[in-house]
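A structural walkthrough
As a plain string of letters, each chain reads:
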Amino acid sequence: MTGVLVCFAAMAALGIATPYWWWIMAVPFAFGAAAARTKGVALRTGLISAFLAWGVAAAYFYGTGSRIIAGRMAAMFRLERPWLMVAVTAAVAAVAGGAAGYAGFAFRALFKREK
Amino acid sequence: MKWVRALASRAIAAAIFWGLDVRHGTFPPAGRLLDPFTGFWRNDTRGDTPPGKLDLPGLAADVRVVWDSRRIPHIFAGNDADLARAQGFITARDRFWQMDFVSRYAAGRLSEILGPSMLESDRFFRRFGLTVAAERCWALMSAEAKTREIMEAYAAGVNAYVRTLGRSDYPVEYKILDCEPEPWTPVRSLLLLKLMSYDMTGFNTDAWMTAARTALGEAVLDELFPFDPPLVDPVIPPGTRWDFVRGAPRPASTAEGEGGGGHIPEVRVPAIAARGASAGDDVDRRAIGSNNWAVSGLRTRSGLPILANDPHLGLVLPSVWYEVQLAAPGLNVRGVSLPGAPLVVIGFNERIAWGFTNSFDDVLDWYAVKFRDASRSEYERPGGWATTEFRTEEFRVRGAKPVIERVAWTKDGPVVRDAGAPAFSQSDVPAGAALRWSGHDPSNELMTVYRLARGRNYDDYVAALASWTCPGQNIAYADAEGTIAIWHQGRFPLREKGQGRYLLDEAVPSDAWRERIPARENPYVRNPERGFISSANQNPTDGTYPYYLGWDFESFERGARINEILARATSVTPEDMVRMQTDTLNLRARAALPPLLESMRGRDFSDVEKRAIGELVTWNFENRAGLMAPSIFSEFWSEFNARTWNDEARNGLASMNWPKSEVTIELILKHPESSYFDDRKTAPREGLGDIAFAAFRAAVKKMTDRAGQPGEKWTWGRWRSTRIGHVAHIPGFGRENLVCDGGVGIVNAIETDTGPSWRLVVALGPAVAAWGILPGGPSGNPGSKYYDSGVDEWAAGKAVPLVFLRSADESNPSIASRTTLRSAR
């Protein structure tokens, strides 16, 4: 849970402060490589924190002025409901974050001495 | 094993990263696009409420912007340069992506951001020479202090906005298409104007006419494509006296460049003429044109003139036009600007109002070029060989290797399509021919709109028109002193009748453009006795006008209907004029349908055909969205033309262009026995009734196949629904399935994807008042509620009062907010 919160906070802060989208992958990768105890934790932490970081932000913007553009983007992607763009945004982040977390853990495993 | 796992997981993560970071074909880079902090989510409604203060470097003094309740900016500046800078800045805030995209389109550079799919379009515009045209104009305009000042200040204002953009602020289209904004320049403004010129003058059928002359003979073409068509009520009222006598044209030795010799002999057309014609022009579906008129005080309730204008263009979002009011000392103008270009194009000030319709004059010719050898370094001119100039065009293509082409230029213009090269889909370009186009001539149309903006009376209006060259326009005028007028304005080549109707020859002296028609001898009328002026792209004059302007003008219907209404109008109000802009009477149907129905009398109709006949018989000829008759007639007329004309293609002519509706109607009314109604491909001789019956049967079958039995789907508004697509064709960013009255040849000219791009009615007087509507809104942001805020009212045929302020401090209930643009020193 702490990992999720830390990753969530880091992604949100870096997303706001910089113009780069890939913090949702870099942060879970770093967490997986540096702090995750198991591959499952690495994957789940990346997945949930990225899902929350983009999902909460998208939901916030959806409710505060982005409903029209979400509707147009939904139409572009042939989705019937504007709010589905919130779900798509969160889902894409979850997949990217989860994969990055797992990859980070596997990367660290390379340097672990096998018992 | 752990190596495998590590590599596999990193490969998957890398693939996901790559998948989300890069555009794949037309699929956007999803990671960047979906990012809530910098992606599409930030293209929200924040911009709908302008801030109270904004920095704009370079201003001499603060500029005040008043926003009305429709979020139209009213800009008040202390001098012309500040005004232009502020206009560039404010326009860019709303429309920069549109400006950037369309100017790249005109420059032939879209394949740089969209890839190989746009290469043909780019090649066409680059080879057509729009960039050269814009550069030539800038060379002229930059030598004139006022236009240089305005153009440079406008560009500076645009760039001031571009410099404020962070990635999250980018218009959403940049995020979808994965490209970057480019700095603005005066030449980019002029590219937009040249694109508009191309849209209005770039059409031609010279190659087809030449092939048709060989196949059918000139007499047939003169009959089917007459210089003085029937039923047309010209722009300048018949009988108007010309206050000049045409001087004798100079001999051909004074042609542009060099030359000498005879006078319009038989046109020589080499092999390029053998190329087939354009595939049967379906003129029935073209709704690019415009209406304007002005009614004098003799016919208005106020005793002062009223002017109306609705230019018909392709319907797109963001809107073609940007509404704005501009005020500086000596200038207070309101109307619409072209996003990306300074000042107001169509509009009014406190004293005068003006509006445009395209003149449809022939200002584009093709010249066969004979090169001396395969190097193409020299080509034949009268009296010898001239050196070819080559311009190298490099096309950078996203995701592909660059393409480099050398375009040959003669003294007339570019060889747009090399001999043996495939045809362009944009236009019927003859292979191996050089283009001569008025749009390539240096000109300063900006000076016209600058002077109009400052105009106070008729003399100012006439003086303003002097610099208007291309595209030729019918420029309607009305003022608070009670004057109305219309000038058919442009810089038109002085030619013999029919010159340029067929392909010309670079080596024939008499084919060359010589002088221009003196501007003061352009057709015009001021305060005509009938109490109104009007134009709807039809023939400008009757046969008494002593110069030749062209032959391919618009069909008679809109012009005739406008004049019909105005001729009996009394005590006219602005509301009457707004209603008139949405008049739906179909003159084509009123003229042609009764004799067509009569010709089919006694035929054996099926039940569904009888029902369709019933709809037509009871029709009041109005193209209303809820009626079935307009749909049935539209299809009937299309089938009737196809059956009457397509079989005329013979003797090697690949396809047949249809004559204009007035020619066909004249045949129906006066020559029902005409052999044109015989289907040449069948043995028995058919007559009008046979062709009409076959066409009607085919039309009903087409409708039944597509929409079932007569009902809701047959109604005009559903059968030809209207769409306003996004300018880059991004799905979901336009408006679909609009149910509208109107149609081709109707005053309310709404068609499938063309129609009135702006409606304006101005009542002149001590306190000028105006009404208008755009099929869109002020904002170019698809996430804004002002992106398409006018569409529903436009579709319903409404117009809204236009706020016109005398000063920035004026109190007005329609004012929503104010912004001060501060010079950031």
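Residues numbered from 1 in each chain as written. Chains lettered and ligands numbered in written order. Predicted model: local features only at pLDDT ≥ 70, side-chain atom pairs only at ≥ 80, totals over all residues. Heavy atoms only, no water.

1. Quick notes on the pattern of salt bridges
Residues and elements named next belong to chain B. To keep things clear, this is the line we draw: In the sections that follow, a salt bridge refers to a side-chain nitrogen of Lys or Arg positioned within 4 Å of a carboxyl oxygen of Asp or Glu. To qualify as a helix, a DSSP run of H or I must reach at least 4 residues; to qualify as a strand, a run of E must reach at least 2; elements of each kind are numbered from the N terminus.
Tallied over the full model, the rule gives 61 salt bridges over all chains. Two residues, Lys146 and Glu149, come together in a salt bridge whose shortest N-O distance is 2.9 Å. Of this pair, Lys146 and Glu149 both sit in helix 7 (residues 145-163), separated by three residues, roughly a single helical turn. Each of Asp100, Arg104, Arg109, Glu112, Glu182, Arg188 and Arg396 takes part in a single network of salt bridges with overlapping partners.

2. Section: the packing of aromatic side chains
Centre distance and the angle of the planes are the two values used to describe a pair of aromatic rings. All names here are of chain B. Heads up, the condition is: Aromatic rings from Phe, Tyr and Trp, with only the six-membered ring used for Trp, were paired whenever their centres fell within 6.5 Å, and each pair was classed as stacked if the ring planes differed by under 30 degrees, edge-to-face if by over 60, and tilted otherwise. Each residue gets one of three labels from its accessible area relative to the maximum for its type: buried under 20%, exposed over 50%, partly exposed in between, using a 1.4 Å probe on protein chains only. When the NZ atom of lysine or the CZ atom of arginine is within 6 Å of a ring's centre and also within 35 degrees of its normal, the charge is said to sit over that ring.
Using the criterion set out here, one finds 44 aromatic pairs over all chains in the structure. An angle of 5° between the planes, with centres 4.1 Å apart, marks the rings of Trp487 and Tyr524 as stacked. With Trp487 in strand 18 (residues 484-489) and Tyr524 in strand 20 (residues 524-526), this residue pair connects regions lying 37 residues apart in the sequence. Here Trp487 and Tyr524 have matching classes, each one buried. A ring pair is formed by Trp619 and Phe633, whose centres lie 6.0 Å apart and whose planes are at 45°; its orientation type is tilted. Here Trp619, found in the loop between helix 17 (607-617) and helix 18 (629-645), pairs with Phe633, found in helix 18; they are 14 residues apart in sequence, far enough to count as distant. Taken together through their ring pairs, the aromatic side chains of Tyr105, Phe124, Phe125, Phe128, Tyr198, Phe424 and Trp437 make up a single cluster. For the cation-ring pair, Arg213 lies above Tyr502, with the distance from its terminal atom to the ring centre recorded as 4.1 Å. Above the ring of Phe390, the side-chain terminus of Arg406 is found at 4.0 Å from the ring centroid.

3. A short note on the side chain of B:Thr410
All names here are of chain B. Selection rule: What qualifies as a polar contact is a pair of N or O atoms within 3.5 Å, subject to a donor-acceptor requirement within protein and to the restriction that residues adjacent in sequence count only when both atoms come from side chains.
Relative to the helices and strands, Thr410 is located in the loop between strand 15 (403-409) and strand 16 (433-437). The exposure class assigned to Thr410 is buried, which follows from its relative accessible area of 8%. Within the local environment of Thr410, its side chain forms a polar contact with the backbone nitrogen of Asp412, the two atoms lying 3.1 Å apart.

4. Some details on the sheet that holds strand 28 (residues 815-822) of chain B
All names here are of chain B. Selection rule: A pair of strands is treated as paired once DSSP finds two or more bridges between them. Throughout, an axis means a line fitted to C-alpha atoms (over the contacting stretch in the case of helices), and angles, computed between N-to-C directions, take values from 0 to 180 degrees.
Spatial strand order, 1-28-2-3-7-8-9-10-17-18-20: eleven strands in an open sheet with mixed pairing. Each edge of the sheet is formed by a strand with only one pairing partner; in this case those strands are strand 1 (53-55) and strand 20. On average, adjacent strands in this sheet sit at an angle of 20° to one another, irrespective of strand direction. Pairing between strand 10 (residues 352-358) and strand 17 (residues 473-479): seven bridges, direction antiparallel. Residue pairing for strand 17: Ile352 is matched across the bridge by Asp479.

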